[in-house]
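Survey of secondary and tertiary structure
Read off the chains here:
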Amino acid sequence: MIRLLNICVIVALFAAAAYVYRVKFESTRKAEQVARLRLDIRHEHDAIADLRAQWSKLDNPIRIQELAQRHLTLRMIDSKQFDPLDHLPERPADAPPPNSPDPIGNLLEGRDVPTASIASPRSPK
Amino acid sequence: MTPIDRAHALVPVPFPPAQAAKAKGSWRHALLRTLLYGRNVDRAAKTKARLRLAILVFGLGYAVIAGRLITFAAVPEGHLGRRASTQDAVATARPDILDRYGEILATDVRAPSLFAEPNRIIDVDEATELLSSVLPDLDAVELRERLASKRRFVWLKRDITPKQRAEIYRLGLPGIGFLPENKRVYPNGAEVSHLIGHVNIDNQGIAGIEKWLDGSGLADLHLAGLATDRLQEPVKLAVDLRVQHALRDELMKARDKYKAKAAAGIIVAVRTGEIVSMVSVPDYDPNNPREALDPNRINRLTTGVYEMGSTFKALTLAMALDSGKINLNSTFDARVPLHFGKFEIHDSHPEGRFLTLSEVFTYSSNIGAARVALAMGVDQHKAFLKKLGQLDRLRTELPESAEPIVPRHWGELNTITIAFGHGLSVAPLQAVMGICALMNGGYLIAPTFLQRSEEQARALATRVIKPETSDKMRYLMRLNAEKGTARQADVPGYYVGGKTGTSEKVFGGRYSKDRVLNSFTAVLPADDPRYLLLIMLDEPQPLPETHGFRTSGWNAVPTGGLVIGRVAPLLGIQPRFDLLPADQLILATSTASR
């Protein structure tokens, strides 16, 4: 009886040892993998920082201005070139399809046009 | 020990004479036991207790071992993490510095540095020779000296290229190694130099915002060796890189055009005190900090103090208007130059008549301003300037600041000259802060290089003048752009208000006629101020197209106009046309609403 128990215990011991060894081995492998990934991430971070620095160097306004002056014919913006949105004219009615038999009739039916002509936005009230 | 022995020991029996000797021995035995263990002790129970104690002690020992094993298993990355971080033993990472829209102003890049451990080098001559072949710019004699030294660690060369690193690695020299170090780079070069400052070779901030970063905790992190990672929060400044570029570009052009010694400009958000842009040319490239040592390249806006000239008349007039004793239509005698002792105060464009307060401002009359200040009295003048922070050193995040030069004995003559901006030297940034308070409804807000909301600014602000006074000051500024000296900066659509200043520089103990410091202060838009701009030109020269004039209206003002035209769209100011003139738009609404 006792001998049987001993044998069982020894078998269990070996099984446990094998299992623990496997777990340990696996965890070491995983740990190395983690360390390697960390290192990769670090390198990626460094590369990103490097690229961002290069990008902002290329994006530097001094450089952009020089390139624009050399290759483009743009001039400085004038404050008169800005216009507020409420000065924008109303959207005109859609043009009738090219082959329609009655373009004016379509225009009147298709849209809710109160008059035949479109009011100028700046017309005196 | 058998039960019989114990019976002997416990129950003494009379012994027969034949057993006397034995009995005598066992009696001694019993005595010994009694002495050793005490009388009436159950030794079996005692033994059991001892065994239990032993079991407990061993059990505890094993439990401790098991516990340690569990902790080792549970925290596996302890030693691995440490191994990874020894790679950057030089822990000097700094947070990125960004502009207000996230453009990078300063960032860290990893670069390998070469070091040696001289006690591990076998052949110094061979090592010197091989290293010099890869790094020809290294001084061979000095290199040999370093390698032969008794120290345990020497830097050989900081910041080498990856290619050099690979070549040296291939040499296979013992005792030579690499450490990746953080290297600070400023991708925008000189664009923001004075503002962000720069670092030394060990990545410690030694000027500008970089120094401020060290002061606010980063240096301690470096000392503790904790600043290893890039995970530090980036620092966002109030500066706008695009605006900064536009301002700098125009200032450089103006400096060339008017052959000025230096030019400086600053743009401040009036309601928050945020410094959106600050330029002082000549400046330097922070990637090459040696340039910063040139005294001509100092930041004139914070480190220099100047007599601000007529710009100070704005403060004088605000004081008079705020007192309530003087209004915009009060008149002052400007018929003849003002005599005080042996001094005589002139106007540059004498009108030779009584001037109203608004005319004193638009004609920039020295006599008028002096009379205004005299009417208020010396003490009140001094107290008002003190209240506006013009007499104390202004401290911002930048470590560089200058103390204003205040006359030691402030008499009537001082009040007369300070009324038109001579005799009191302040840092231009300081003057900007004072004029901001006159424009924004009367709140004095300390300028900052960091972002700040209007609520935060209001919590910090102190009220220095009444809101009505601020309205009148804005009216005067606008009037000056409509009819006064600032006409050339009146960019259509932005409703600019401005004040010019031309101050003669002291040279050889007296004011010089041909060395002037010109300034132009503009507020935009004047009816609802958002930004304040200051332009300064140091010793501009007269040109044919300025008709030989060197006053501010001929150089600083047109420069200001160009800057406003370029910068206003970037600042999000929508141009409005068909606005009423100042007396109807600002003054009328001011009196109507109060």
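Residues numbered from 1 in each chain as written. Chains lettered and ligands numbered in written order. Predicted model: local features only at pLDDT ≥ 70, side-chain atom pairs only at ≥ 80, totals over all residues.

**Overview of the overall build of chain B**
Within chain B, the regular secondary structure consists of 20 helices and 18 strands. Taking 25 Å as the expected radius of gyration for a compact globule of 594 residues, we find that chain B reaches 41 Å, considerably beyond that expectation. Taken along its principal axes, the extent of the C-alpha atoms in chain B is 155 × 70 × 50 Å. When each of the 594 residues of chain B is scored for burial, the buried share is 44%. In chain B, once contacts between residues fewer than 6 apart in sequence are set aside, the share between residues at least 24 apart is 71%. (Helix = DSSP H or I, 4+ residues; strand = E, 2+ residues; numbered from the N terminus. Rg over C-alpha atoms; globule rule 2.2 N^0.38 Å. Buried ≥ 20, exposed ≤ 12 C-beta atoms within 10 Å, placed from the backbone. Contact = placed C-beta atoms within 7 Å.)

**Let's talk about the overall build of chain A**
Helix and strand counts for chain A come out as 3 helices and 0 strands. Traced from its N-terminal end to its C-terminal end, chain A shows the element sequence α-α-α. Relative to its full complement of 125 residues, chain A shows a buried share of 2%.

**Description of the pairing of strand β6 (residues 262-269) of chain B**
All names here are of chain B. Among the 8 residues that make up β6, 8 are buried, leaving the element largely enclosed by the rest of the structure. Here β6 shows no split at all, with Ala262, Ala264, Ile266 and Val268 on one side and Ala263, Gly265, Ile267 and Ala269 on the other all buried. Inspection of the sheet shows β6 paired to strand β18 (residues 531-538) by 8 bridges, in the antiparallel sense. Counted as the bridge partner of alanine 262 is aspartate 538 from β18. Here β6 pairs with strand β7 (residues 275-281) via 6 bridges, running antiparallel. Within β7, the position partnered with isoleucine 267 by the bridge is serine 277. (Pairing = 2+ DSSP bridges.)

**Topic: the interface of chain B and chain A**
Contact with chain B, which involves 28 residues of that partner, is made by 24 residues of chain A. Those elements that place two or more of their residues in the side of chain B that touches chain A are α4 (77-85), β2 (104-116), α10 (241-257) and α19 (552-570) of chain B. The residue inventory of the side of chain B that touches chain A, partitioned by class, reads 13 nonpolar, 6 polar and 9 charged. (Nonpolar A, V, L, I, M, F, W, Y, C, P; charged D, E, K, R; others polar.)

**Some points on the sheet that holds β7 of chain B**
Residues and elements named next belong to chain B. Overall, antiparallel pairing links the 5 strands, which are arranged β7-β6-β18-β17-β16 in an open sheet. The open sheet has two edge strands with one neighbour each: β7 and β16 (497-507). Within this sheet the neighbouring strands show an average axis-to-axis angle of 15 degrees, counted without direction. Here strand β17 (residues 510-524) pairs with β18 via 8 bridges, running antiparallel. Bridge pairing in β18 links asparagine 518 to leucine 537. Across the sheet, helix α16 (residues 428-439) is in contact with β6, β17 and β18; its angle to β18 comes to roughly 145 degrees. Along the sheet face, helix α18 (residues 467-482) touches β16 and β17 and points at about 80 degrees away from the line of β16. (Axes fitted to C-alpha atoms, helices over the stretch in contact; angles between N-to-C directions.)

**Concerning α16 of chain B**
Residue and element names in this part refer to chain B. Helix length check: α16 (12 residues) gives 16 Å between terminal C-alpha atoms against 16 Å at 1.5 Å per residue, within 8%. Most of α16 is tucked away: 12 of the 12 residues are buried. Along α16, the residues that are buried comprise Pro428, Leu429, Gln430, Ala431, Val432, Met433, Gly434, Ile435, Cys436, Ala437, Leu438 and Met439. (Expected span 1.5 Å × (residues − 1).)

**Re the pairing of β2 of chain B**
Residue and element names in this part refer to chain B. When strand β1 (residues 97-98) meets β2, the two strands line up antiparallel, connected through 2 bridges. When the sheet's bridge partners are listed, leucine 98 is paired in β2 with isoleucine 104. Hairpin remark: β1 followed by β2, antiparallel, with 5 residues in the connecting loop; positive phi at glycine 102, about 90 degrees. Two strands pair when backbone bridges link them, and β2 and strand β4 (residues 176-185) are joined in this way by 10 bridges, in the antiparallel orientation. Looking at β4, one finds that leucine 114 is bridged to phenylalanine 178.

**Re the nonpolar core**
Residue and element names in this part refer to chain B. Val268, Leu524, Leu532 and Ile564 are the most contacted members of the largest nonpolar core, which totals 130 residues. For this core, the element with the highest residue contribution is α16, accounting for 9 residues. One finds Ala127, Leu131, Leu147 and Leu156 within the second-largest nonpolar core, a separate group that totals 9 residues. (Core = buried A, V, L, I, M, F, W, Y, C linked by C-beta atoms within 7 Å.)

**Some thoughts on the confidence of the model for chain B**
Residues and elements named next belong to chain B. Per-residue confidence for chain B gives a mean pLDDT of 85, with 91% of residues at or over 70. When the criterion is pLDDT under 50, residues 1-13 qualifies, and its contacts beyond four places in sequence or with other chains add up to 5 contacts. Here residues 78-89 is a poorly scored stretch, pLDDT under 50, and it has 11 contacts once near neighbours within four places are set aside; other chains count. This complex was scored by the predictor with a pTM of 0.77 and an ipTM of 0.71. (pLDDT = per-residue confidence, 0-100.)

**Structural notes on unusual backbone geometry**
Residue and element names in this part refer to chain B. With an omega of 5 degrees, the peptide bond running from valine 281 to proline 282 counts as cis. By the secondary structure assignment, proline 282 is in the loop between β7 and β8 (306-307). With an omega of -20 degrees, the peptide bond running from leucine 524 to proline 525 counts as cis. Residue placement: proline 525 occurs in the loop between β17 and β18. Look at lysine 259: it is not a glycine, yet its phi comes out positive at around 50 degrees. Residue position: lysine 259 is located in the loop between α10 and β6. The exposure class of lysine 259 is exposed, given the 12 C-beta atoms found within 10 Å. Its identity is not glycine, yet glutamate 539 carries a phi of approximately 55 degrees, on the positive side. By the element assignment, glutamate 539 lies in the loop between β18 and α19. Owing to 18 C-beta atoms within 10 Å, glutamate 539 belongs among the partly exposed residues under this scheme.

**Looking at the confidence of the model for chain A**
Looking at chain A, the pLDDT average stands at 82 and 77% of residues meet or exceed 70. Confidence, expressed as mean pLDDT per element, reaches its minimum in chain A at helix α3 (residues 103-110) of chain A with 65 and its maximum at helix α2 (residues 61-71) of chain A with 93.

**Focus: α18 of chain B**
Each turn of an α-helix holds 3.6 residues, which means side chains three or four residues apart point in the same direction. Between its first and last C-alpha atoms α18 of chain B spans 23 Å; for 16 residues at 1.5 Å apiece the expected length is 22 Å, and the two agree. With 13 of 16 residues buried, α18 of chain B lies mostly within the body of the structure.

**Quick word on the packing of helix α13 (residues 366-376) of chain B against helix α15 (residues 412-419) of chain B**
Helices that pack against each other are described as a pair by the angle of their axes relative to one another and the distance between those axes. All names here are of chain B. Running from amino to carboxyl end, α13 crosses α15 at an angle of 130 degrees, the nearest separation of the two axes being 8 Å. When the axes of α13 and α15 are compared, the pair comes out oblique. Once α13 is placed against α15, the crossing between them reads as right-handed. Together, Ala369, Ala370, Val372, Ala373 and Leu374 of α13 and Glu412, Thr415, Ile416 and Ala419 of α15 make up the contact between the two elements. Tallied by class, residues from the contact of α13 with α15 come to 7 nonpolar, 1 polar and 1 charged. (Parallel < 35°, antiparallel > 145°, perpendicular 65-115°, else oblique. Left-handed = near helix turned anticlockwise from the far one by under 90°.)

**Quick look at the environment of lysine 499 of chain B**
All names here are of chain B. When you line up the elements, lysine 499 lands in strand β16. Classification of lysine 499 as buried rests on a count of 30 C-beta atoms within 10 Å. Spatially, the C-alpha atoms of lysine 499 and leucine 476 are 8.9 Å apart, while their sequence positions differ by 23 residues. Discounting residues that sit within four places of it in the chain, lysine 499 has contacts with Ser310, Thr311, Ala314, Met477, Asn480, Ala486 and Thr521.

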